[in-house]
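Single-letter residue listing:
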Amino acid sequence: AGLEHGYGLGMFADVEGKTILFGHDGGIEGFTSYYGYSREHGIGGVVLLNAENARPAIRAIVRESVSFLLRNQTPSSPPPATSRPDLDQYTGYYADEAPRNEVLRFLAYLLGGITLSAGPDGLVEEHWLEEPRPLIPAGPGKFRLESDLAASRILFNDPLLAVPVYASAMSYHVRTSPWPHRLVLAVLTLCILLFLSTPVYGAIWFWRWLRGRQRPL
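Residues numbered from 1 in each chain as written. Predicted model: local features only at pLDDT ≥ 70, side-chain atom pairs only at ≥ 80, totals over all residues. Heavy atoms only, no water.

For the rest of this paragraph, the subject is the overall build of the protein chain. Tallying secondary structure elements over the protein chain gives 3 helices and 13 strands in all. The 217 residues of the protein chain split such that 32% are buried. In the protein chain, of all internal contacts separated by at least 6 residues, the share reaching a separation of at least 24 is 43%. (Helix = DSSP H or I, 4+ residues; strand = E, 2+ residues; numbered from the N terminus. Buried < 20%, exposed > 50% of the residue type's maximum accessible area, 1.4 Å probe, protein only. Contact = heavy atoms within 4.5 Å.)

The next point concerns a nonpolar patch on the surface. A contiguous nonpolar patch, built from Val-103, Leu-104, Phe-106, Leu-107, Tyr-109, Leu-185, Leu-188, Ile-192, Phe-195 and Leu-196 and spanning about 980 Å² of accessible area, is present on the exposed surface. Contributions of two or more residues to the nonpolar patch are made by α2 (105–111) and α3 (179–214). Of the residues forming the nonpolar patch, the biggest block, 5 residues, is contributed by α3. The residue Phe-195 is located in helix α3 in this model. (Patch = residues over 30% accessible without salt bridge, like charges linked within 9 Å, V, L, I, M, F, W, Y side chains within 5 Å. Areas by Shrake-Rupley, 256 points an atom, 1.4 Å probe, with all protein chains shown as cover. Salt bridge = Lys/Arg side-chain N within 4 Å of Asp/Glu carboxyl O.)

Position of His-173 relative to the elements: it lies in strand β13 (residues 171–176). Aside from chain neighbours lying at most four places away, what touches His-173 is Tyr-94, Ala-95, Asp-96, Glu-97, Gly-112, Ile-114, Pro-164, Val-165 and Tyr-166.

This next bit is on the nonpolar core. Membership of the largest hydrophobic core is limited to 11 residues, which are Leu-87, Tyr-90, Tyr-94, Ile-114, Leu-116, Leu-123, Leu-135, Phe-143, Leu-145, Leu-155 and Tyr-166. One finds Leu-21, Tyr-34, Ile-58 and Val-62 within the second-largest nonpolar core, a separate group that totals 8 residues. (Core = buried A, V, L, I, M, F, W, Y, C linked by side-chain atoms within 4.5 Å.)

Taken in spatial order, the 8 strands close into a barrel running β6-β7-β8-β9-β10-β11-β12-β13, and their pairing is antiparallel. The average undirected angle you get between the axes of adjacent strands in this sheet is 30°. (Pairing = 2+ DSSP bridges. Axes fitted to C-alpha atoms, helices over the stretch in contact; angles between N-to-C directions.)

In total, this model carries 4 salt bridges according to the counting rule given. With a closest N to O distance of 3.2 Å, Asp-25 and Arg-55 form a salt bridge. Separated by 30 residues along the polypeptide, Asp-25 in strand β3 (residues 20–28) and Arg-55 in helix α1 (residues 55–69) bring together distant segments of the chain. Under the relative-accessibility criterion, Asp-25 is labelled partly exposed at 22%. Linking Arg-133 and Glu-130 is a salt bridge whose minimum nitrogen-to-oxygen distance equals 4.0 Å.

Among the structural elements, Phe-31 can be located in strand β4 (residues 31–38). Beyond its immediate sequence surroundings of up to four residues, Phe-31 is in contact with Gly-26, Leu-48, Leu-49, Asn-50, Ala-51 and Glu-52.

The subject of this paragraph is α1. Taking 1.5 Å as the rise per residue, α1 with 15 residues should run 21 Å; its terminal C-alpha atoms sit 21 Å apart, in good agreement. Residues of α1 that are buried include every one of Ile-58, Val-62 and Val-66, and no others. The buried residues of α1 occupy an angular sector of 65° when projected down its axis, which confines them to one face. Seen from the buried face of α1, the exposed residues on the opposite side, beyond 90 degrees, are Pro-56, Glu-64 and Phe-68. The inward-facing, buried residues of α1 contact β3, β4 and β5 (43–49). (Expected span 1.5 Å × (residues − 1). Arc of directions from axis to C-beta.)

Take a look at the structure:
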């Protein structure tokens, strides 16, 4: 797809301090590691921590290191927005068709959907758990976030499904009707509310039962 930002060939391409860093991270129990480099600026490094779940600490170290190494260099600039194409064909609801955890696919089906709507300069990505994010056109079928230095998302028509697909480095969404998802979510919400109301109705019934036993014959 020609994306320079995201994940491919076992490598991430992250934006850090207005610079694209290529690399990867990982870890096991009691150990976390990261390596990254910038071809553009000729810098790179490795971070090793003898702690698990230490990605926030690693990101902080990488951020400070990049800021120090590039203190005398001009940061990269994102590409200018291209002319606004006809984006109405891509608006709509997109369901997550490739969740990272198959065990949680049902939750991804209910909660992982994304809505794309037309904005003043491109598209707007909306998810119920996040703030809306503008998508800036960066080429035919390519888009980037405001913080990205290159296209990080693509939109294309799947020739087999005959529907638009919205994909990024870590997600694959297919446009579909939102109503089946909303109906299932509404029924599930109703079931949860009924389940939570059981103790209340039980307490009321028990109180009425006690009052009935206390009535004089």
